[in-house]
Amino acid sequence: MVTFEIDGQQVQVEEGEPIIKGAEKLGIKIPTLCHCEWLEPYGACRVCTVEVVMGKRHRMVTACNYPAREGLRVLTQSERAVAARRMVLEMQLARCSTVPIIQELAREHGIEKSRFGEGTETCIMCGLCVRICSELVGAHALCFGQRGTERFISTPFQREGEEGPCIACGACVDVCPTGHIWMEDLSARKGQPQDFYLGPKSAIAIPTQQAVPKAPRIDPDACIYLQTRGCSICQQVCEPEAVDLSQHDEEFEIEVGQILTTTGFQLFDPRKMSQYGYGRLDNVLTSLEFEMMLNSTGPTGGKVLMKNGQVPRAIGILHCIGSRDENHHAYCSRVCCMYAMKFAHLVKDRSDAEVYQFYIDMEAYGKGYHEFYSRILAEDVNVIRGKAAEVTEQMWGDEAEGVLHIRCEDTLVGKFRDIPVDMVVLCCAIEPQSDLGNMAHILGLTRSPDGFLLERHPKLDPIGTNTDGIYIAGTCQGPKDIPDTVAQAQAAAARILALIAKGKVLIDPIKASIDAEHCSGCRMCNSLCPYQAITFDEEEEVSVVNDTLCKGCGTCVAACPSGAIRGAGFTDNQILAELEGILI
């Protein structure tokens, strides 16, 4: 540690630390435009000029990169230091007269106008963006072009676009002191869906405030280290050393006796129904996006706000987007009606907006559901029976933004209606995960015509499958709400625990068997077995049946070209004996 003095106050810092670190400890402000704690400073802007006294020697230095020494005296407000700083700021103002931070610093030092003229540039050539992109990020997407007064910031060989080395990490934007570099907000584009991510938008963050476990996770698509092997700041600052960037994905093979499949669902993409304007018109949201907005820990703190930050005058909630539709999904998604009514209740509770519900049939069938529907009607929610035909935008007078119009047929009054609203919420259908087919193939499961996993029996065994030891629960089996999902998951868990406690497994006696002497090793049965119960013995060069997996369906028996497979209880002699007994 070294002890030195700043404006008459003693301070201690680590040996080699610059003067500006000591000033931060004492709360003394030294202006700077080019200091970044993650980069080695080199005093590019010279706004941090101070006067140092060592013995009888007085020097003018930049505080961001001049190392503190034992017994050093620093004067931040001396006449010489202020004069030097004023000259630097006046020259900066002559180059970048429109930059707010330079204007503010100049006013603090009594400079209203530069005597060297006024420039409209916004880059002060501090080089922070170039250095952090190369030294810290490791992307090398920025560089200097030309020399002298013609110097400028550019990309390598002035190549821009998707083919360039930029990884869009935003580090250059974060360190740029003047705002010369910025990132385009795609959500500001016309019709672009708003980003309602519930946590901080950084590469390492807690997903949501209600996350379990409540621990940060690293987004591999946004992490600089995982893309360029640069940065690793999170690992450096973590005191418990809980961040290990050297970890990588691993695959483990685990032998299990039973499997519970709970792959969940995904929402229908409303872009497929362009008549509702999602992705084309502003303030058209999906149900999940609106749910995030209503969350008290969400981006708006639970307030209902439009894209421009204003409270909507009227909101339209459209049911059955993608469900109960022969062109997309013929089934009912079950949960849409109730959460749409919940949206209406919360909107009424938090704003003065009018709410319009457009439904085909109100499916309020659960315990207390119809009572909640009656409560919504008592809150003056406008309930219109009829599927909305389209959402359009119309301009009124000289307004820059249009008003959304919902066109529908009110089947109860037998009239077509055109209702103006400020926001539209689309209650999208629940549909199977896009990769559920691969999962079903791996586990040997079948799927119903709607794409969900098929249960063994819809009433007697709604959690079982045709493959013993594999169970399903939740929305992978079909659309359902939270209570039904919890009940089904508990039933599946109890079924699994009961089998474990029993310690024995009963299997059906009807099985297929292979006569090794007649098997030609063609492996046709291996690919045809729907339960993957037949494997090929490489040493004996014959197929073998796993009695535990086989269900005796007879597919392999009928397909075997050499007749080497027999079904227990269904051999030719047994069938002929049955026929003989019937005929005699």
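Residues numbered from 1 in each chain as written. Predicted model: local features only at pLDDT ≥ 70, side-chain atom pairs only at ≥ 80, totals over all residues. Heavy atoms only, no water.

Enquirer: Help me understand the sheet that holds strand β3 (residues 49–54), please; the structure alone is not making it clear to me.
Expert: In spatial order, the strands read β2-β1-β5-β3-β4; together these 5 strands make up an open sheet with mixed pairing. The sheet is open, and its two borders are formed by β2 (9–13) and β4 (57–62), each paired with just one other strand. Averaged over neighbouring strand pairs, the angle between their axes works out to 30 degrees when direction is ignored. In the sheet, strand β1 (residues 2–6) pairs with strand β5 (residues 73–75) via 2 bridges, with the strands oriented parallel. Paired with E5 across the two strands is R73, which belongs to β5. Sitting on the sheet, helix α1 (residues 19–26) is in contact with β1, β2, β3, β4 and β5, with an inclination near 120 degrees to β2. (Pairing = 2+ DSSP bridges. Helix = DSSP H or I, 4+ residues; strand = E, 2+ residues; numbered from the N terminus. Axes fitted to C-alpha atoms, helices over the stretch in contact; angles between N-to-C directions. Contact = heavy atoms within 4.5 Å.)

Enquirer: Please explain the sheet that holds strand β18 (residues 415–421) as it appears in this structure.
Expert: With antiparallel pairing, 3 strands are arranged side by side in an open sheet as β16-β17-β18. The open sheet has two free edges, formed respectively by β16 (388–394) and β18, since each of these has just one partner strand. The mean inter-strand angle of the sheet, taken between neighbouring strand axes irrespective of direction, is 25 degrees. Of the pairings in the sheet, the one linking β16 to strand β17 (residues 403–410) comprises 6 bridges and is antiparallel in character. When the bridges of β17 are listed, A388 appears paired with C408.

Enquirer: Please clarify how the nonpolar core should be interpreted in this entry.
Expert: The nonpolar side chains of a soluble globular protein tend to be buried with one another. Core analysis: the biggest nonpolar cluster contains 35 residues, and F290, V304, I315, I317, M341 and M423 have the highest contact counts within it. Elements that contribute at least two residues to this core include exactly α8 (287–294), β13 (314–321), α9 (336–350), β14 (354–359), α10 (369–378) and β19 (423–428). In terms of residues, this core owes the most to one element, α9, which gives 10 residues. With sequence-adjacent residues up to four places away left out, I317 is seen in contact with A340, F343, A344, V355, Y356, Q357, F358, V425 and C427. In this structure, V47, I124, V175 and I224 belong to the second largest nonpolar core, which totals 28 residues. (Core = buried A, V, L, I, M, F, W, Y, C linked by side-chain atoms within 4.5 Å. Buried < 20%, exposed > 50% of the residue type's maximum accessible area, 1.4 Å probe, protein only.)

Enquirer: Sorry, what's going on with the pairing of β13 here?
Expert: Both faces of the sheet carry side chains from a regular strand, because those side chains alternate between them. Within β13, 8 of the 8 residues are buried, which leaves it mostly tucked inside the rest of the structure. As paired strands, β13 and β14 are joined by 5 bridges and run parallel to one another. Bridge pairing links A314 to E354 in β14. Crossover handedness for the path β13 to α9 to β14: right-handed. Summarising the sheet, β13 and β19 pair through 5 bridges and their orientation is parallel. When the sheet's bridge partners are listed, I317 is paired in β19 with V425. (Right-handed = clockwise from strand over helix to strand, strands pointing away.)

Enquirer: Any chance you could explain the domain arrangement of the chain here in plain terms?
Expert: It is common to report an interface's size as the accessible area lost on association of the parts. Domain boundaries in the chain define domain 1 (2–108), domain 2 (127–244), domain 3 (258–505) and domain 4 (512–583). Put simply, the middle of domain 1 and the middle of domain 2, counted by C-alpha atoms, are 28 Å apart. Listed by partner, the interface residues are 11 residues for domain 1 and 12 residues for domain 2. With both chains or domains summed, domain 1 and domain 2 bury close to 1,000 Å², and 71% of this area falls on carbon and sulfur atoms. When residues of domain 1 are sorted by the area they lose upon contact with domain 2, W38, L39 and Y42 head the list and together hold 53% of the total. Counting the contacts that link domain 1 with domain 2 gives 0 salt bridges. Linking domain 1 to domain 2 there are 1 residue pair in polar contact (both at pLDDT 80 or more). Residues that form the side of domain 1 that touches domain 2 fall into these classes: 9 nonpolar, 1 polar and 1 charged. (Domains from an automatic or database assignment. Buried area = accessible area lost by both parts, 1.4 Å probe. Salt bridge = Lys/Arg side-chain N within 4 Å of Asp/Glu carboxyl O. Polar contact = N/O pair within 3.5 Å; in protein donor to acceptor, adjacent residues only side chain to side chain. Nonpolar A, V, L, I, M, F, W, Y, C, P; charged D, E, K, R; others polar.)

Enquirer: What is the right way to read the packing of helix α2 (residues 79–95) against helix α3 (residues 100–108) from this model?
Expert: Packed helix pairs are specified by the crossing angle of their axes together with the interaxial distance, meaning the distance between the axes. Running from N to C, α2 and α3 cross one another at 145 degrees; their axes reach a closest spacing of 10 Å. Remark: the crossing between α2 and α3 carries left-handed chirality. Seen from α2, the contacting residues are L89, Q92 and L93; seen from α3, they are I102, Q103, L105 and A106. (Left-handed = near helix turned anticlockwise from the far one by under 90°.)

Enquirer: Got a minute to help me understand the packing of aromatic side chains in this structure?
Expert: To describe a pair of aromatic rings, one takes the distance between the centres and the angle between the planes. One pass over the structure, following the stated rule, counts 4 aromatic pairs. Relative to F343, the ring of F290 has its centre 5.1 Å away and its plane inclined at 85 degrees; by these criteria the two rings are edge-to-face. One end of the pair, F290, is in helix α8; the other, F343, is in helix α9, with 53 residues separating them in the sequence. This pair shows no difference in class: F290 is buried, exactly as F343 is. Geometrically, the ring pair formed by Y339 and F343 is tilted, given 5.4 Å between the ring centres and 55 degrees between the ring planes. Placement of both Y339 and F343 in helix α9 is noted, with a separation of 4 residues, approximately one turn of the helix. (Phe/Tyr/Trp six-rings, centres within 6.5 Å; stacked < 30°, edge-to-face > 60°.)

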